[in-house]
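This is what each chain is made of:
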Amino acid sequence: MKPSILIELDRPRNIRLNTNALVKAEEVLGRPLSEFGTSFGLKEIRAMLWAGLLHEDQSLTLDAVGELMDEAGYEYVTEKVGEAITMAMGMKPENNDPN
């Protein structure tokens, strides 16, 4: 099982970007993730977060995830999705948490 990144949204949730999640994100975005390089906008961040949360809650919609992003803040969500992408690519995310 692919490891996950904890994110505090409406409740603690785990972003898991395994193969199925990455494919779902590509399907929603309409193009391969390799075309994005390191440039991700809100649409891409929302799609990646949505796909990474589906393993816990299949009922989540893109609109619902957008609402969760609004409440949590874009900078925080972008950081957490970035960590999940880094982990999905087989690299260890940087941990700036002193605890």
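Up top is the structure these notes are about.
Quick look at the structure, then.

About the cut-offs
- Within any chain, residue numbers begin from 1 and follow the written order of that chain's sequence.
- The predicted origin of the model limits local features to residues at a pLDDT of at least 70 and limits the giving and counting of side-chain atom pairs to 80 or more, whereas totals for whole chains, interfaces and linings rest on all residues.
- As a rule here, side-chain values come from all non-hydrogen atoms in the structure, and water together with hydrogens is ignored.
- Think of it in three bands: residues with accessible area under 20% of the maximum for their type are buried, residues over 50% are exposed, and the middle band is partly exposed, with areas taken using a 1.4 Å probe on protein chains only.
- Comment: elements are numbered from the N terminus, with helices defined as DSSP H or I runs of at least four residues and strands as E runs of at least two.
- Note on pairing: DSSP must find at least two bridges between two strands before they are called paired.
- Note: the arc covers the axis-to-C-beta directions of the helix.
- In this description, contact between two residues means that some pair of their heavy atoms is separated by no more than 4.5 Å.

### Description of the pairing of strand 1 (residues 5–8)
- Side-chain alternation along strand 1 places Ile5 and Ile7 on a buried face and Leu6 and Glu8 on a face that remains uncovered.
- Here four bridges tie strand 1 to strand 2 (residues 12–15), and the two strands are oriented antiparallel to one another. Across the sheet, Ile7 pairs through a bridge with Arg13, a residue of strand 2.
- Hairpin connection of strand 1 to strand 2: three residues between the antiparallel strands.

### Looking at helix 1 (residues 19–29)
- Taken together, the buried positions of helix 1 are occupied by Ala21, Leu22, Ala25 and Leu29. Angular distribution of buried residues about the axis of helix 1 spans 100 degrees; they occupy a single face of the element. The exposed residues of helix 1 that point more than 90 degrees off its buried face are Thr19, Asn20 and Glu27.
- Where helix 1 is buried, its residues contact helix 2 (42–53) and helix 4 (74–88).
- After helix 1 finishes, the residue Gly30 shows a positive phi value of roughly 80 degrees.

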